[in-house]
Amino acid sequence: MTALLETPTAGKQTLRPTRKVAWGSPMTYVIAFLFVGICIGPVLYIILGGFRTNAQITADPSGLPGPWVVDNYLEVLASPIFWRQVGNSAVAGVLTTLGVVALGLMVSFVLARYDFKLNGAMYSLFAAGLMFPMTVAITPLYILIRDLGLMNTIGGIVLPQIAFALPTTIIILVPFLRAIPKEIEEAAAIDGSGRLGFFFRMVVPLSLPGVITVGILAFVASWNSYMLPLFILNDEMSYTLPLGVQAFSSQYSVDTARVLAFTSLSMIPALIFFSLFERRIVGGLTGAVKG
Amino acid sequence: MTHSLGENTATRTASPEGPVVAGGGVQTPSPAPGPRRGKRTDWGKALEIIVLSAPAVVVFLMFVIFPVVMAAYYGFFKWKGFGPPTEFVGFDNYLTIFRDTAFHDALLHNGYIVVLSLLLQGPAAVALALLLNQKIRGRSVIRVLIFVPYVISEVIVGTGWSLMLQSAGAVNDLLTKIGLEALAVDWLSDPRIALWSLMIIISWKYIGFAVILFLAGLQSIPEELSEAAAIDGASYWQIQRTITLPLLGPTIRIWAFLSIIGSLQLFDLVYIIWGQYVSATAGTSTMATYMVLNGRLAGNYGYGNAVAVVLFVISLVIALVYQRYVLRRDTEGALTERKK
């Protein structure tokens, strides 16, 4: 069964370095090390800056903490505003993820395994959605959400986020579902399960790698989303973290250290999620890139 | 789309509330009725299709397609956003857009960003991917770390970089420390430099994505090819140039496509770093920040929608031209004949 799970991302097996890894040339490590340094340097600046005092930052903007102070982090962690925003972001992220996975899996199943007249048209409709980024739709979307009475609600950002995540989700999931061998479906049919039984008992578990990929992508996108909440959430009580970070940094613009602490705490969840599932996401992307 | 689907089943099942009925249908895996197969499975199948696809189709049409269509409609009105739009102004909004020098500037900036993103990130990302594709120790850790900038939000990137790039910020301080005071400039507000600062930030944020994408592409190239070439006496560079790069072509072209579209739609980073008003004077405004500034913030919703339409048409034309002439070979299978 596990072998089956891997089918759509067969290339992945070669990713995993096997026992015998040669050290390679030192130059490679130097360049790789430099590049990694450039990538995480600014992130480290944010995290370390949170451990400094404003006096330290003013005196030596690019220095290291000395002494290390944890007050900024403790203050942010003790503030109810921060936790409310974490809560809002978490609820929005979880609901978006569940919605994307549920709706995406169902419609991808139809697109991958049912033969009907409108199949091609439906796939093209969703694929065309890739061409409609939220930027273009944001103003009418705002008006629509307002008319639906969903302003300042989590629902007001979750529904559009699900809708805009569907094209990517479908493009990633359809190949996964197509790769499930026909024999499994036939075997399930012989065992007396209908097509829907097959869907719930076989397809859902078998497409788990793809589901994890789209789920993480949806969660991280929702966690980081800025433009939509900017339009939909005007009330500070309903702010998600990105809006909160921005509000906090303009409100406490002189308190740089606290802004940095707030900022670094707000990126932790996305980073954790991502590092845990990095391989899967790259695997899923590989499938999508190959078309 | 839903309509035609809905009618389709309505005639077949004689039950217009397809989805509702089907909600119950899910739980009835009635032990296969052997004989009456034909017609029954037909509707059963139609019903299943409706039930499974309707939620996604409805949500998608309502929150993606409908707003885009409405943008086109609102764009023809002078409208403050309250009540139904009544003051039809035809193409006036569009004429204003095309005459506004602020929009020309924004368009020009988008043009720079598109080109510079491709030139700055593309070659560097290919080189890094080739480098990291070698079997080296700690590769999986490296891959996670270079993806970090891509994973953290635009708000965090914007906040962090604008603090670092302040004239008395960490970057200038660091440059002074290593004896490069001459390079310590006013990164964010000098109009001659701000766009380059933006490019640095954009490259930093998105190059990891390009590298990972290229790495994924490289890993799908069979090793046998380069092994065979090596046996035939080809050097490392010959192999990369004549085998690896051409085979990586499709991935590079897809990345370039995503990069172009992203550059045209750029909003978050500019809006966060330069705020609502400074971006125009700092020379970093984009079509999207122009749209938000002159649409929603100015209360001119009709005008904002017209800008959205212009932005959309420009992106669409570029996307179609690109797909027609560059991506054609790669996507032929992906979007069309993938039926079975």
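Residues numbered from 1 in each chain as written. Chains lettered and ligands numbered in written order. Predicted model: local features only at pLDDT ≥ 70, side-chain atom pairs only at ≥ 80, totals over all residues.

A. Up close: the overall build of chain B. When you go through chain B residue by residue, the secondary structure sums to 16 helices and two strands. The proportion of buried residues among the 340 residues of chain B is 39%. Intrachain contacts of chain B at a sequence separation of at least 6 include 67% that bridge at least 24 residues. (Helix = DSSP H or I, 4+ residues; strand = E, 2+ residues; numbered from the N terminus. Buried ≥ 20, exposed ≤ 12 C-beta atoms within 10 Å, placed from the backbone. Contact = placed C-beta atoms within 7 Å.)

B. The arrangement of the domain arrangement of chain B in detail. Residue and element names in this part refer to chain B. Here chain B is partitioned into domain 1 (2–74) and domain 2 (93–336). Listed per partner, the contact involves four residues of domain 1 and six residues of domain 2. When the residues that make up the side of domain 1 that touches domain 2 are grouped by side-chain class, the tally is four nonpolar, no polar and no charged. (Domains from an automatic or database assignment. Nonpolar A, V, L, I, M, F, W, Y, C, P; charged D, E, K, R; others polar.)

C. Broad picture of helix α5 (residues 101–132) of chain B. Between its first and last C-alpha atoms α5 of chain B spans 45 Å; for 32 residues at 1.5 Å apiece the expected length is 46 Å, and the two agree. Looking at α5 of chain B, one finds that the buried residues are A106, L107, H109, N110, I113, S117, Q121, A125, V126, L128, A129 and L132 of chain B. Tucked into the core, α5 of chain B has its buried residues touching α2 (26–49) of chain A together with α6 (139–146), α10 (194–219), α12 (236–264) and α15 (287–294) of chain B. (Expected span 1.5 Å × (residues − 1).)

D. Structural view of the environment of H109 of chain B. All names here are of chain B. When you line up the elements, H109 lands in helix α5. Once the C-alpha coordinates of H109 and A280 are considered, the two residues, 171 residues apart in sequence, prove to be 10.0 Å apart. The residues touching H109, leaving out its near neighbours within four places in the chain, are L195, G283, T284, S285 and T286.

E. Quick look at the UniProt feature "transmembrane region" (unreviewed entry) in chain B. All names here are of chain B. When the UniProt feature table is mapped onto this chain, "transmembrane region" (unreviewed entry) is found at residues 46–76, 112–132, 144–164, 193–216, 254–274 and 301–322. Its end C-alpha atoms 35 Å apart, residues 193–216 is made of 96% helix and 0% strand. Annotation note: span residues 301–322, helix share 100%, strand share 0%, distance between end C-alpha atoms 31 Å. (UniProt positions renumbered as here; feature names shortened; annotations may be inferred.)

F. Quick look at the nonpolar core. Residues L166 of chain A together with V211 and V307 of chain B are the most contacted members of the largest nonpolar core, which totals 170 residues. The leading source of residues in this core is helix α8 (residues 154–178) of chain A, at 16 residues. Looking at which domains feed residues into this core, each of domain 1 (2–74) and domain 2 (93–336) of chain B gives three or more. Not counting chain neighbours up to four residues away, the residues in contact with V307 of chain B comprise I97, M287, Y290, M291, N294 and G295 of chain B. (Core = buried A, V, L, I, M, F, W, Y, C linked by C-beta atoms within 7 Å.)

G. The arrangement of the confidence of the model for chain B in detail. Residues and elements named next belong to chain B. When pLDDT is averaged along chain B, the result is 80; 84% of the residues meet or exceed 70. Contacts from residues 333–340, a stretch scored under 50 in pLDDT, to residues over four places away or in other chains number six contacts. As scored by the predictor, the complex reaches a pTM of 0.81 and an ipTM of 0.83. (pLDDT = per-residue confidence, 0-100.)

H. Structural view of the interface of chain B and chain A. At the junction of the two partners, chain B supplies 88 residues and chain A supplies 86 residues. Along the lines of polarity and charge, the residues of the side of chain B that touches chain A split into 57 nonpolar, 18 polar and 13 charged.

I. Structural detail: the UniProt feature "domain: ABC transmembrane type-1" (unreviewed entry) in chain A. Following the UniProt record, one finds the feature "domain: ABC transmembrane type-1" (unreviewed entry) at residues 86–277 of chain A. Secondary structure over residues 86–277 of chain A splits into 80% helix and 0% strand, and the C-alpha atoms at its two ends are 21 Å apart.

J. Representation of the UniProt feature "transmembrane region" (unreviewed entry) in chain A in the model. All names here are of chain A. Within this numbering scheme, the UniProt entry marks residues 21–48, 90–111, 123–145, 157–177, 198–221 and 259–277 as carrying the feature "transmembrane region" (unreviewed entry). Spanning residues 123–145, this segment combines 78% helix with 0% strand, and its end C-alpha atoms are found 26 Å apart. Within residues 259–277, the helical portion is 100% and the strand portion 0%, while the C-alpha atoms at the span's ends are 29 Å from each other.

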